[in-house]
Amino acid sequence: MKWLVLLLMQWTLCFGIAHAQHNVPEIPFDSVADFFKLPEGMHFGEVPGVAVNSKGHVFVFTRANSTHGPAFGPTASQLLEFNAKGEFVREIGKGLYGFAFAHTVRIDRDDNIWTVDKGSDMVVKFNPAGRVQMVFGRRMESTSPNTKPHAHVTPPRPAVDGLFREPTDVAWDREGNIYITDGYINSRVAKYTSTGDWVKQWGEYGMEPGQFRTPHAIAIDNNNHIYVGDRSNTRVQVFDTDGKFLRKWQTPEHETGRPTGLSIDHRGRVLVADTHYYRVLIYSREGELLQTIGGQRGNKPGQFGWVTDVVEGRRDARVVAVTSGGTIPDRGLYGVFLHSGQVVFVSATTSSLLVLKSESAPALPSRSVNARSGTSRPTPASAALRMSKVFGPR
């Protein structure tokens, strides 16, 4: 009889959590069009990473510029900067040895630009002027007879200090120490000092607390708590700066889905990009689900595919969110920004880039452009959150 009582208590608790989280408020949005101005003849590819600096400039890390390589396995990594008006500023790192297959771009508190490249196994720090300052990891040498794609074996082969195998993200604590999630093959977090010296690593392949299966995203709050998106384990794990496990978020219904991107907003809330349920989740730091955005799968405006990145931008910046669709339907790659305390996000159609803004931001152009015909039409002025779609077919 005792086991039945315990079973009923557990069922009631699980049902209560799931029911409460299914009834969290959704943030509505509505779509308009046209913002970024690419140079003539330049195009976006898949965009797995986006970031915004203190000036409101947007950095787009795109899987483009791949037409000069072979059909299979070409280099596909290009870093573009736009100002707050959507005007093209420059390309950073053109022809860089550390660029092979774009994954993530981040901006630190000093406006330095960091890229994480899955193909080259390298993390690169640029200063605001676009000059390389630090390089982490090492690309396999082209002339080596052992150069080939990494073997995906279970469990993975032992990780090597200072080297990566398909890294995914980077973040910094209040003292400037550097943390890199590594990644698609290694199952760990690597820690460096602010000057680039190796400190330690933690994590291994598995499903227990402190273990990972594709640590895909990392973010750090003002209390130096480290949040890791453990994607294939469908959970967010929280650690201190020494790698001590503190807690995890994973309800019986797997409400975190597949946490692929993470960010801490200026209110201290944790934003989670969920590729599995096509949405963004907004949590308190204690793990309470507060709000959601999206959740309807599809390729039309207002519907979403894979959501892979979530980032807070300047609160007074014009640009709130950027995202791009991939070259395969339902496999688009996405980015998110926050504006004036309102989380906003957008999904892409195939091979298109989108921008989302809030009503309190300066107005975007008042006409939208049909991506197929190129004709323009007036854009409605009312909406609490507005989405701008540019460049690319539906």
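As for the sheet that holds strand S11 (residues 178–182)
Within a beta sheet, neighbouring strands are joined by backbone hydrogen bonds and run either parallel or antiparallel to one another. Taken together, the four strands give an open sheet; going across it, the order is S10-S11-S12-S13, and neighbouring strands pair in antiparallel fashion. Two strands lie at the open edges of the sheet, namely strand S10 (167–172) and strand S13 (198–202), each paired on one side alone. Direction aside, the axes of adjacent strands within the sheet are offset by 20° on average. Relative to S13, strand S12 (residues 188–192) runs antiparallel, the two sharing four bridges. Looking at S13, one finds that Ala190 is bridged to Gln201.

So, the pairing of strand S18 (residues 259–264)
Among the six residues that make up S18, six are buried, leaving the element largely enclosed by the rest of the structure. Sheet analysis places S18 next to strand S19 (residues 270–274), joined by five bridges and oriented antiparallel. Residue pairing in the sheet places Leu262 in a bridge with Val272 of S19. Joining the antiparallel neighbours S18 and S19 is a turn of five residues, in which Gly268 adopts a positive phi near 90°.

Let's talk about the confidence of the model for the protein
Confidence in the prediction of the protein, expressed as mean pLDDT, is 74, and 68% of residues score 70 or more. Below pLDDT 50 for its whole length, residues 1–21 participates in seven contacts with residues either more than four positions away or in separate chains. Confidence drops under pLDDT 50 across residues 315–394; counting only partners more than four residues distant or on other chains, this segment forms 276 contacts.

Re the side chain of Asn112
Turning to its location among the elements, Asn112 is positioned in the loop between strand S6 (102–107) and strand S7 (113–117). Apart from the residues within four sequence positions on either side, Asn112 is in contact with Arg106, Ile107, Lys125, Phe126, Asn127 and Pro128.

A few points about the side chain of His216
Take His216: it is sitting in strand S14 (residues 215–220). Of note is the side chain of His216, whose polar atom sits 2.8 Å from the side chain of Tyr184. Among the polar contacts made by the side chain of His216, one reaches the side chain of Arg231 at a distance of 3.4 Å. His216 has contacts with His103, Thr168, Asp169, Thr181, Tyr184, Gly229, Arg231, Pro259 and Thr260, leaving out every residue within four places of it along the chain.

Describing the environment of Asn186
Tracing the sequence through the fold places Asn186 in the loop between S11 and S12. When the C-alpha atoms of Asn186 and Arg157 are compared, they prove to be 7.7 Å apart, with 29 residues separating the residues in sequence. A polar contact is formed between the side chain of Asn186 and the side chain of Asp182, at a distance of 2.7 Å.

Observations regarding the environment of Ile107
In this fold, Ile107 is placed in strand S6. Taking relative accessible area as the criterion, Ile107 reaches 16% and is therefore assigned buried. Distance from Ile107 to Pro128, taken between C-alpha atoms, is 9.4 Å for residues 21 residues apart in sequence. Residues in contact with Ile107, not counting those within four places in the same chain, are Ala51, Val52, Asn53, Phe59, Asn112, Ile113 and Trp172.

Section: unusual backbone geometry
Residue Pro155 is reached from Thr154 by a cis peptide bond, and omega for that bond is -5°. Here Pro155 lies in the loop between strand S9 (132–137) and S10. The amide bond that connects Asp182 to the next residue, Gly183, takes the cis arrangement and shows omega of -5°. Among the secondary structure elements, Gly183 is positioned in the loop between S11 and S12. Residues other than glycine seldom take positive phi values, yet Glu166 does so here, at roughly 60°. Along the chain, the position of Glu166 falls in the loop between S9 and S10.

What counts, and at which threshold
Counting restarts for each chain, with residues numbered from 1 along the sequence as it is written. Side-chain atom pairs in this predicted model are given and counted only at pLDDT of 80 or more, local residue features only at pLDDT of at least 70, and totals for whole chains, interfaces and linings cover all residues. With hydrogens and water set aside, each side-chain value is computed from the structure's full complement of heavy atoms. Here, a strand pair is defined by DSSP locating no fewer than two bridges between the strands. Helix and strand assignments follow DSSP, with helices taken as H or I runs no shorter than four residues and strands as E runs no shorter than two, numbered in order from the N terminus. Axis lines are fitted to C-alpha atoms, over the contacting stretch for helices. Their N-to-C directions set the angle, which ranges from 0 to 180 degrees. Partly exposed residues are those whose accessible area sits between 20% and 50% of the maximum for their type, while under 20% is buried and over 50% is exposed, using a 1.4 Å probe and protein chains only. Values of pLDDT, the confidence the predictor places in each residue, fall between 0 and 100. Should any heavy atoms of two residues lie within 4.5 Å, those residues are counted as being in contact. Contacts described as polar in this section are N or O atom pairs within 3.5 Å, which, within protein, must combine one atom able to donate a hydrogen with one able to accept it, while residues neighboring in sequence count only if both atoms come from side chains.

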